[in-house]
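Read off the chains here:
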Amino acid sequence: MLELDILRDKREEVIAGLKKRGVGKDILEAVDTAVVLDEKRKTLQKQMDDQLAQINNISKEIGSLFGRAKAGDEDAREKAEEAKKKVADFKALVSKVESEHQEVKAKISELLYDIPNVPHHSVPAGAGEDDNEVYQDAAKALPELGEGAKPHWELGEEYKLFNFEWGTKLTGSGFPVYTGKGAALERALISFFLSEATMAGYLEVMPPLMVNEDTARGTGQLPDKEAQMYHVEKDNFYLIPTAEVPITNIYRDVIVTEEDLPIKLTGYTPCFRREAGSYGADVKGLNRVHQFDKVEIVQLSHPEESYEQLKGMLKQVEGLLIKLGLPYRILRLCGGDMGFTSALTFDFEVYSPGQKRWLEVSSVSNFETFQSNRMKIRYKNGKGKPTLVHTLNGSALALPRIMAALLEMNQTENGITIPEVLVPFTGFDIIRKN
RNA sequence: GGUGAGGUGGGUGAGUGGCUUAAACCACCGGUUUGCUAAACCGGCGUACGGGGAAACCCGUACCGCGGGUUCGAAUCCCGCCCUCACCGCCA
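Conventions used here
Going along each chain's sequence as written, the residues are numbered from 1 onward. Here every chain gets a letter starting at A, and every ligand a number starting at 1, in the order they are written. Two thresholds apply to this predicted model, a pLDDT of at least 70 for residue-level local features and 80 or more for giving and counting side-chain atom pairs, whereas whole-chain, interface and lining totals are computed over all residues. Excluded from the side-chain calculations are hydrogens and water; all other atoms, namely the structure's heavy atoms, are used. Where helices and strands are cited, they refer to DSSP runs of H or I of at least four residues and of E of at least two residues respectively, numbered from the N terminus. The globule rule is 2.2 Å times the number of residues to the power 0.38, and the radius of gyration it is compared with is taken over C-alpha atoms. Think of it in three bands: with a 1.4 Å probe and only protein chains considered, a residue is buried below 20% of the maximum accessible area for its type, exposed above 50%, and partly exposed in between. Whether two residues are in contact is decided by their heavy atoms, any of which lying within 4.5 Å being enough. Accessible surface is estimated by sampling points in the Shrake-Rupley manner with a 1.4 Å probe; for residues, cover comes only from the protein chains shown. In this count, Lys and Arg are taken as positive residues and Asp and Glu as negative ones, while His and the chain termini are left out. Taken as the charge location is NZ of Lys, CZ of Arg, CG of Asp or CD of Glu. What goes into a patch is any residue over 30% in relative accessible area without a salt bridge, connected to like charges within 9 Å or, for nonpolar side chains (Val, Leu, Ile, Met, Phe, Trp, Tyr), within 5 Å. Take a side-chain nitrogen of Lys or Arg and a carboxyl oxygen of Asp or Glu: if they are within 4 Å of each other, that pair is a salt bridge. For this analysis, a polar contact is any N or O atom pair within 3.5 Å, provided that within protein one partner can donate a hydrogen and the other can accept it, and provided that sequence-adjacent residues contribute only side-chain to side-chain pairs. It suffices for a single heavy atom of a residue to lie within 4 Å of a molecule or strand for the residue to be listed as near it. For this classification, Asp, Glu, Lys and Arg are treated as charged, while Ala, Val, Leu, Ile, Met, Phe, Trp, Tyr, Cys and Pro are nonpolar and the rest, including Gly, are polar. For this analysis, a ring pair means two rings from Phe, Tyr or Trp (six-membered ring only for Trp) whose centres lie within 6.5 Å, classed as stacked if their planes differ by under 30 degrees, edge-to-face if by over 60, and tilted for the remaining angles. Note on criteria: charge over ring means Lys NZ or Arg CZ within 6 Å of the ring centre, with the direction from the centre no more than 35 degrees off the ring normal. Definition of nonpolar core: a set of buried residues of the types Ala, Val, Leu, Ile, Met, Phe, Trp, Tyr and Cys, connected through side-chain atoms within 4.5 Å. Strand pairing is assigned whenever DSSP identifies at least 2 bridges connecting the two strands. To obtain an axis, a line is fitted to C-alpha atoms, over the contacting stretch when the element is a helix, and the angle between two such axes runs from 0 to 180 degrees between their N-to-C directions. Domain extents, as shown, originate in an automatic or database domain assignment. When two parts are put together, the accessible area they lose, computed with a 1.4 Å probe and summed over both, is reported as buried area.

## Remarks on the overall build of chain A
Alright, step 1. Along chain A, the regular secondary structure elements total 13 helices and 18 strands.
Alright, step 2. Whereas a compact globule of 434 residues would reach a radius of gyration of roughly 22 Å, chain A reaches 28 Å, over 25% beyond that.
Alright, step 3. Taking the principal axes of the C-alpha coordinates as reference, chain A spans close to 105 × 45 × 40 Å.
Alright, step 4. Looking at chain A residue by residue over its 434 residues, the buried ones come to 49%.
Alright, step 5. Taking contacts inside chain A between residues at least 6 apart in sequence as the whole, the part at least 24 apart equals 74%.
Alright, step 6. Here chain A has roughly 21,600 Å² of accessible surface; of this, 49% comes from carbon and sulfur atoms.
Alright, step 7. Of the side-chain charges in chain A, 55 are positive and 67 negative, and the distance between the mean point of each set is 3 Å.

## Description of a negative patch on the surface
Alright, step 1. Taken together, Asp26, Glu29, Glu110, Asp114 and Asp224 make up a surface patch of like negative charges.
Alright, step 2. Breaking the negative patch down by element, the ones donating at least two residues are α3 (25-70) and α4 (74-114).
Alright, step 3. By secondary structure assignment, the location of aspartate 114 is in helix α4.
Alright, step 4. A residue is classified by how much of its surface remains accessible, and aspartate 114, at 45% relative accessible area, is partly exposed.

## A few points about the side chain of asparagine 366
Alright, step 1. Structurally, asparagine 366 is set in strand β13 (residues 357-368).
Alright, step 2. Take asparagine 366: its relative accessible area is 0%, and that puts it in the buried class.
Alright, step 3. A distance of 3.0 Å separates the side chain of asparagine 366 from the side chain of serine 306, its partner in a polar contact.
Alright, step 4. Ignoring sequence-local partners within four residues, the contact set of asparagine 366 consists of Ser306, Tyr307, Leu310, Ser342, Ala343, Leu344, His390, Thr391 and Leu392.

## Some details on the protein's contact with RNA strand B
Alright, step 1. Near RNA strand B you find 18 residues, and of these Arg41, Gln45, Ser59, Lys91 and Arg378 are the closest.
Alright, step 2. If you look at RNA strand B and keep only atoms within 4 Å of the protein, 75% of those are sugar or phosphate atoms.
Alright, step 3. Separating a phosphate oxygen of RNA strand B from a side-chain N or O atom of asparagine 56 is a distance of 3.3 Å.
Alright, step 4. Among the elements of the structure, α3, α4 and β14 (378-380) are those that each provide at least two residues to the surface near RNA strand B.
Alright, step 5. Broken down by element, the residue count for the surface near RNA strand B peaks at twelve residues, all from α3.
Alright, step 6. For the surface near RNA strand B, the residue count by class is six nonpolar, four polar and eight charged.

## With respect to the packing of aromatic side chains
Aromatic ring pairs are described here by two measures, namely the spacing of the ring centres and the angle between the planes.
Alright, step 1. Counted according to the given criterion, the structure contains nine aromatic pairs.
Alright, step 2. Where phenylalanine 162 meets tyrosine 178, the ring centres are 6.1 Å apart and the plane angle is 80°; that geometry is what we call edge-to-face. Of this pair, phenylalanine 162 sits in strand β2 (residues 162-163) while tyrosine 178 sits in strand β3 (residues 177-178); the two residues are 16 residues apart in sequence, bridging distant segments of the chain.
Alright, step 3. Phenylalanine 162 sits in the buried class, given a relative accessible area of 6%.
Alright, step 4. With a centroid separation of 5.7 Å and 45° between ring planes, the pair formed by phenylalanine 192 and phenylalanine 193 is classed as tilted. Accessibility assignment for this pair places phenylalanine 192 and phenylalanine 193 in one class, buried.
Alright, step 5. Lying across the ring of tyrosine 202, lysine 264 places its NZ or CZ 4.8 Å from the centre.
Alright, step 6. Over the face of the ring belonging to tyrosine 159 we find lysine 433, whose NZ or CZ atom lies 5.9 Å from the ring centre.

## Some remarks on the nonpolar core
Alright, step 1. Counting residues in each nonpolar core, the largest one holds 53 residues, and the members touching the most others are Phe193, Leu321 and Ile402.
Alright, step 2. Looking at this core, the elements that each hand over two or more residues are α7 (180-199), β10 (291-301), α10 (306-324), β11 (328-332), β12 (344-352), β13, β16 (390-398) and α12 (399-409).
Alright, step 3. Once residues lying within four places of it in the same chain are set aside, the contact partners of phenylalanine 193 are Val295, Leu320, Leu324, Ala396, Leu397, Leu399 and Ile402.
Alright, step 4. Residues Val104, Ile108, Leu111 and Leu112 belong to the second largest nonpolar core, which totals 25 residues.

## A few points about the sheet that holds β12
Alright, step 1. Spatial strand order, β1-β11-β12-β13-β16-β10-β9-β4: eight strands in an open sheet with mixed pairing. Of all strands in the sheet, those bounded by a partner on one side alone are β1 (133-137) and β4 (203-204).
Alright, step 2. This element, α10, spans β1, β10, β11, β12, β13 and β16 of the sheet and lies at about 5° to β16.

## What about the domain arrangement of chain A?
Alright, step 1. Parsing chain A into structural domains produces domain 1 (4-114) and domain 2 (129-431).
Alright, step 2. Across the domain 1/domain 2 interface, buried area totals approximately 590 Å², and carbon plus sulfur atoms make up 48% of it.
Alright, step 3. Along the contact surface separating domain 1 from domain 2 lie zero salt bridges.
Alright, step 4. Applying the counting criterion to the domain 1 and domain 2 interface returns four residue pairs in polar contact (both at pLDDT 80 or more).
Alright, step 5. Listing elements by their share of the side of domain 1 that touches domain 2, those giving two or more residues are α2 (11-21) and α4.
Alright, step 6. Partitioned by chemical class, the residues of the side of domain 1 that touches domain 2 number one nonpolar, no polar and three charged.

Structure below.
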């Protein structure tokens, strides 16, 4: 949620930024409407506060009048009764202003919830993924695996690494069961990613996999992305679509000390996504599933340092891909392809030689104050004034597509070789048939 | 799931309808004193929104788990919910 001050004081920048996202006219209008309503809100609050102050003063008088009346002062008793009537009049006025005030406040926050984050100045305008900018292409020479290169779903079957039928039987499509060395490799990748993150100074946390409504609202999954989450109705809990949700919300309504920044957290969790409306090659094999494993990195940063921290996170993710020996490229997302809450997002894609296509494996974003404003995550600046932090997060990394690319890249006549960095975590260096 | 006790500022904790403008202590910050450190003493010490001001700051309103209600007036009384603790039941 954007801050109202920004909508008012930097209106032109906000409008220009939102246009890069290609938002509709209604959203652009919401910017001005919110500012106008906020002026109305201030007027109403002044009225309300003044009236309440009157009531408070009269009530105090009544208190002392009653004291005198008890001592036998009949005159005071009469005065007290008169004062009561005066309060009743004020209360009638107040309740009218108060409900109007509430109404205006509710309208303002409705409008604010509908306005997406303003893109960073470096974000290119664009409608969708075709307009994303290749920021860095490390895959100079794409691997040639010859005619025999198989996609990971064939390898998975051949080497018995995962079983989609079992998952379909147990739950439904998109819930794979990992088996044997496939399960072991999955586990090893999780350990490897966590180990790299903690060595880079991130504190490991294992959060709950279900969250309440306030938490889902904090990081922006509610109200606009409700349909993407699984909902446990009986308890009104949501299955997390990413560890970002519980991990960032740990600091909801917290004022941290400036010296504690940046706060760096990492966590492994399964992620649950309903992802309605996909089909075809997109959902084949491990390309897109409803439940998958991911290691997430999260930072709460000083506003002046957040873009420096973002670079550090890119380096972190890049390091993982280099160590795994996977060809990758980095995209700077255009306005139309960026998430609702993000100011700047870089996507990492690895090359899948068996499918001859790029697969997204990480998304690293700076949300600036968009999330922290909703969550009220603040630090005290030099003057002791609470100030919103910047929040950032990134996948480091999402497992299924890494698994897919890894298997496809390392297939040989003798079996699937394991990258050297993973061997301490797997305990084996090659996967052979049976 | 049952029964009981609770939820007050950063922490401990007093307050059962108006002398509360939420006491006191601890922690923290500033000052005085002082070979140094410490102690002692004095002062300050929450959040949000609004009004005034160039600013320091001043003023108003709201906030004692959350939401309603009673009352001229609620941390205090009433109702609902959430959470914590203890014991019982169930259980990996």
